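A look at the structure
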Amino acid sequence: MTALTAARAPAEERRRVRRSRRYRRDLRWSPYAFVAPFFLFFTAFGLFPLLYTGWASLHRVELTDPTHMEWAGLHNYSRLWEDDFFWNALRNTFTIGVISTVPQLLMALGLAHLLNYRLRGSMFFRVAILTPYATSVAAATLVFVLLFGRDYGMVNWALGLAGFDGIDWQNGTWASQFAVSTIVIWRWTGYNALIYLAAMQAVPSDLYESAALDGASRWQQFRHVTVPSLRPTILFTVVVSTIGATQLFGEPLLFNGAAGATGGADHQYQTLGLYLYEQGWVNLHLGRASAIAWTMFLLLLLIAAVHWLIARRLRKSR
Amino acid sequence: MRTSSGRSGKHGRRMVALVAAAALGAGLLTGCADDGDDPAGASSKRGAGGGRTTVTIGVFGVFGYKQAGLYDAYMKQHPDIRIKETSIERNENYYPQLLTHLGSGSGLADIQAVEVANINEVTTTQADKFIDLSKAKGVKKGSFIPWKWAQSTTKDGRTIGLGTDIGPMAMCYRKDLFRRAGLPTDREKVARLWAGDWQKYLDTGKRYQKNAPDGTSFVDSAAGVYNAAVAGSAQRYYTPGGKPVYEDSPAVKEAWRIATAAAKGKLTARLQQFQKTWDQAYANGRFATVSCPPWMLGYIKEKAGAKAEDQWDVAAAPRPGNWGGSFLTVPRAGRHTDEAVKLAAWLTAPEQQATLFEKQGSFPSSRAAYDLPQVADAKHPYFGDAPIGTLFSAAAEGIPTQVLGPKDSLIQQNITDVGLLQVDQQGTSADEGWKAAVRSIDNALDR
């Protein structure tokens, strides 16, 4: 009996050690198993295409024969340097980005400020400003193409009523870029306004109360209380909007539904996204398209770095 | 024993969960692949026992086989065959996808349609991925228009595509606008105004514009004039040897001259085809003529609507040319190649082409179909009962065998959508427009 228990004790001990070791292993590794599916998918559909695109950008490769790759070194990149169409697209992306992002964020800030007042049916207005964001790019763009039509468009009709000549919205450089920008502004203003609104509601109300006691007007409150408290949010929307503007694609593509990716007769609203699409899927040069894609990626990294620097300085200055 | 089994039970459950998660992931992956691949996969396996084979056919836009009841008729004749069509709206999206599928050898339908603008590229660069249909059972070379047959045939005599429809061009015109401008309205007389020469067409345009009804133009767009004029010549952008020569091609130069003259002479409504504004101009009767292949008739009828009924008519074009048309190919990597060849041969046989013309307006590429009553006696009520069967047959016979090149559509698209559009809509000079087009083409061809 005693001999038996004495024999069992070390076995029991070993088992407990083994069990606790397993338990610890479980605790340590299980989380990785749980997040693994995401990373598997990310590797398959995110990382692999990214690296493969980089690899393809160093080759001459055509969509007619995608398995046949011919080493070209940095040729595709150096070519972009002398490519007028690329610089034109980059310039257009920048100008369209500026004339769509700046007014959009300013309007969103104003709208959010108005919605932040106590008003009847505020829920209705909040949902209403989000509806443009919920419509598809294609549907919205088709409507805007009709509005900006040269011969029968509503905008030109209104201009005519006011005594102005109609504008050929598709063919002028600034006119077409402005028209494309309005689609972007229309779609995203409400979205940004809601983000601002959420941030505004987190501003402690005693700040406003003490400001009011000091005799600050609504406008002064907005400038000296709301905007400074919103700084990180504003920076966030600027980053997101800049990324969105850099990748602008659907609106200019559908703005001239028949011609596709040329972005107008003179390429006057061809953005980087459109140029990438034209090279890859119309002209079938996968290598060159990949080089444009990677250049865009590097540009975005650069923009992100600049934003990060600004954010750091803002934080320090506080 | 108990505890250990309990532990292994717990351990086992976790293993099951992991395996399930992995299987789910893998299932999702293969699920995606299968869907894109070949929805027939499952049913064809069943087919071994149940005797049903699903033949898939990939097309762009509306081919009309389904609407004309051809699939149903074939399935009735062959009870063991099921046909499943998948369609992508626009060829611009369809064709790149077809190329990637050919490259990877998967995801292909048993029959794949190819547009005439792409057939040369497919024939010269991808021929080994397709089955030679020239000697397939039920295919008669003699029944096709010779130039159509030649377009999908390789240098060593393998024919990889069977012609479906073609687009012989006539000229559609508005009788009411012609009358008000003091021009004849009878289709024979109208055809005589410009017979044989695009310059005469321009001259007619000048006559029209002199007394034109307010706010109307002679023709819709400079690009439309260019397309029609260049489509009637044998050599355009490539030499027979396959060298691109668009910059010095006499046919291109002449068509460019005609089209820019139309733009500079203010004969065009400065529109771009297939855009919303173009449709609106149809609805409002803004232009008097437009080049029309048979498939355009339905488009005009739809856009111009009931109020323009009996205003439009069809006359012979100055010179016949071809615009559009497709081929059916059978990729080697398909699952049911034998059945696919049989179906493709049947769908492109004269009788079926004639039915398709009668029901859907796609003009036969089969010469043998022209004598069938569905074609020979065809009249279009919307276009003043114009004898479209004989009219388009005559045009089809007059089209020369064109030298095609792999990048024809790319070159032509840049000429019309960059060069001519600048001249027509932005007021650029003809020389500057040409330079812009050449720059754009050279960039596209990576020269």
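Scroll up a little and you will see the structure.
A word on unusual backbone geometry
Residues and elements named next belong to chain B. For Arg270, which is not glycine, the phi torsion reads 55° and is therefore positive. Along the polypeptide, Arg270 turns up in the loop between α11 (250–264) and α12 (276–283). A relative accessible area of 33% means that Arg270 is categorised as partly exposed. For Asp310, which is not a glycine, the phi torsion comes out positive at approximately 70°. Mapped onto the fold, Asp310 is located in the loop between α13 (294–304) and β8 (312–316).

With respect to the environment of Gln112 of chain B
Residues and elements named next belong to chain B. Residue position: Gln112 is located in strand β3 (residues 111–115). Placed 218 residues apart in sequence, Gln112 and Val330 show a C-alpha to C-alpha distance of 6.2 Å. Of the polar contacts made by the side chain of Gln112, one reaches the side chain of Tyr94; its length is 2.8 Å.

Focus: the packing of helix α4 (residues 122–134) of chain A against helix α7 (residues 173–201) of chain A
Geometrically, a packed helix pair is captured by the angle between its two axes and the distance between the axes. Residue and element names in this part refer to chain A. Between α4 and α7, the shortest axis-to-axis distance is 6 Å and the interhelical angle comes to 140°. Here α7 runs oblique to α4, going by the angle between their axes. As α4 packs across α7, the resulting crossing turns out to be left-handed. Between α4 and α7, the residues in contact are Arg126, Ile129, Leu130, Pro132 and Tyr133 and Trp186, Arg187, Trp188, Gly190, Tyr191, Ala193, Leu194, Leu197 and Gln201, respectively. Its residues assigned to classes, the contact of α4 with α7 comprises 10 nonpolar, 2 polar and 2 charged.

Notes on the pairing of strand β7 (residues 287–292) of chain B
All names here are of chain B. Of all 6 residues in β7, 6 are buried; the element is thus mostly enclosed. Direction of pairing for strand β5 (residues 170–174) relative to β7: antiparallel, over a ladder of 4 bridges. Within the sheet, the bridge partner assigned to Ala170 lies in β7 and is Cys292.

Notes on the environment of Phe94 of chain A
Residue and element names in this part refer to chain A. By the secondary structure assignment, Phe94 is in helix α3 (residues 84–116). Using a relative accessible area of 59% as the deciding quantity, one classes Phe94 as exposed. Through-space distance from the C-alpha of Phe94 to that of Asn116 is 32 Å; in sequence the pair is 22 residues apart.

Rules used throughout
Residues numbered from 1 in each chain as written. Chains lettered and ligands numbered in written order. Predicted model: local features only at pLDDT ≥ 70, side-chain atom pairs only at ≥ 80, totals over all residues. Heavy atoms only, no water. Helix = DSSP H or I, 4+ residues; strand = E, 2+ residues; numbered from the N terminus. Buried < 20%, exposed > 50% of the residue type's maximum accessible area, 1.4 Å probe, protein only. Polar contact = N/O pair within 3.5 Å; in protein donor to acceptor, adjacent residues only side chain to side chain. Axes fitted to C-alpha atoms, helices over the stretch in contact; angles between N-to-C directions. Parallel < 35°, antiparallel > 145°, perpendicular 65-115°, else oblique. Left-handed = near helix turned anticlockwise from the far one by under 90°. Contact = heavy atoms within 4.5 Å. Nonpolar A, V, L, I, M, F, W, Y, C, P; charged D, E, K, R; others polar. Pairing = 2+ DSSP bridges.

In short, the description is geometric, and any link to function would need to be established separately.
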